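# Reading the structure
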Amino acid sequence: MGHTVAQGLIQHMAYRLDPFFNRRIYSLIRFFQIRRCKSNRVFIGNFAANLLALADHLIRCAALLVCLAAIHHRAAAQFFGVRVNALAALTGTVAVGAEAALTDNWTVETSAYWNPIRTKRLTTQVGAVQLGVRHWFYEDFVGHFLGLHASWVDYRIGNRRRTYDGRAYGIGISYGYAWILSKRWNLVVEAGAGLYRTRDTRRDPVTSDWGDRYIRHARRWTLAPSKLEVSFNYLF
């Protein structure tokens, strides 16, 4: 009975929330599309579809978590967790995440990454979002786990000689381990790799955004690290 009620609530919330968020996400996409066109940079049409699809999954996961919490699907003391990636902070990247338990051995998690660094010698501007699930071999938030996640990345990286400006999306797997530090805190170490579809422009960084001296446009599949975390997780 409880499972049927949860399904009904999830479908109802997803139906009501999807149009509301999609309209606003589409407006933001149009705003950034116009800005990129003004600066004479290439705008990738598939980006809109990919972002809307990612937003749709995020909305449905949020609706699922709200419904599960409302009907008390499980009585665990630690149901949610929020974390900060200390390893990413050493590179100047702000990396935060959230995680929620679905069953005794499965959690759903999302992460966001932002690096604004841009100097004359080095540029590492990155914005990324990940959505995934984790399977815990012992129980939620404790011990060994395997992860599966989808990623979307917007990046501008390079040096004085060469700059890559583009975006990528893909899927990856990871392995990690969590140590209990106290009743509310644990330490998580995780590493993973993924396969990404990238589309970017390699160009001379001294050329202004209004210039046309682009070197090369490229599309390719890339195997790259998708997770590298040493994070502190607060549970509640």
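A brief structural summary.

Rules used throughout
Residues numbered from 1 in each chain as written. Predicted model: local features only at pLDDT ≥ 70, side-chain atom pairs only at ≥ 80, totals over all residues. Heavy atoms only, no water. Salt bridge = Lys/Arg side-chain N within 4 Å of Asp/Glu carboxyl O. Helix = DSSP H or I, 4+ residues; strand = E, 2+ residues; numbered from the N terminus. Buried < 20%, exposed > 50% of the residue type's maximum accessible area, 1.4 Å probe, protein only. Polar contact = N/O pair within 3.5 Å; in protein donor to acceptor, adjacent residues only side chain to side chain. Phe/Tyr/Trp six-rings, centres within 6.5 Å; stacked < 30°, edge-to-face > 60°. Contact = heavy atoms within 4.5 Å. Pairing = 2+ DSSP bridges. Core = buried A, V, L, I, M, F, W, Y, C linked by side-chain atoms within 4.5 Å.

## Some details on the pattern of salt bridges
- Throughout the structure, instances matching the rule amount to 9 salt bridges.
- Ionic pairing is found between R83 and E229, a salt bridge with its closest N-O pair at 3.4 Å. With R83 in strand β1 (residues 80-85) and E229 in strand β8 (residues 214-235), this residue pair connects regions lying 146 residues apart in the sequence. This pair shows no difference in class: R83 is buried, exactly as E229 is.

## Regarding unusual backbone geometry
- Within the chain, F141 stands out as a residue other than glycine whose phi angle is a positive 70 degrees.
- Tracing the chain through its elements places F141 in the loop between β4 (122-136) and β5 (143-159).

## Quick look at the side chain of R167
- In this structure, R167 sits in strand β6 (residues 163-180).
- Here the side chain of R167 touches D154 through a polar contact of 3.3 Å, side chain to side chain.

## Observations concerning the packing of aromatic side chains
- Counted by the stated rule, this structure contains 7 aromatic pairs.
- Ring plane angle 70 degrees and centroid distance 4.6 Å describe the contact between F79 and F80, whose orientation is recorded as edge-to-face.
- When its relative accessible area of 10% is taken as the criterion, F79 is described as buried.
- Centre to centre, the rings of F80 and F236 are 6.1 Å apart; their planes meet at 25 degrees, and the pair counts as stacked. In this pair, F80 sits in strand β1 while F236 sits in the segment after β8, placing the two residues 156 residues apart along the sequence.
- With a relative accessible area of 26%, F80 lands in the partly exposed category.

## Quick word on the side chain of D200
- Considering the arrangement of structural elements, one finds D200 in strand β7 (residues 185-203).
- Overall, the relative accessible area of 5% leaves D200 in the buried class.
- One polar contact links D200 to R220, side chain to side chain, over a distance of 2.7 Å.
- Apart from the residues lying within four places of it in its own chain, the contact partners of D200 are Y155, Y164, D165, G166, R216, H217, A218 and R220.

## What about the pairing of strand β3 (residues 106-115)?
- Pairing geometry for strand β2 (residues 94-101) and β3, over 8 bridges, is antiparallel. The partner of A101 across the bridge, within β3, is T107.
- Following β2, the chain reverses through 4 residues before pairing antiparallel with β3.
- Where β3 meets β4, 10 bridges bridge the pair, whose relative direction is antiparallel. Counted as the bridge partner of T107 is R134 from β4.

## What about the nonpolar core?
- Formed by A88, A95, Y113, A128, V153, Y155, A168 and Y196, the largest nonpolar core amounts to 8 residues.
- In this structure, Y196 is in contact with Q130, S151, A168, Y169, G170, R220, W221, T222, A224, P225 and S226, ignoring residues within four places of it in sequence.
- Of all hydrophobic cores here, the second largest spans 7 residues; its members include A101, F141, F145 and V188.

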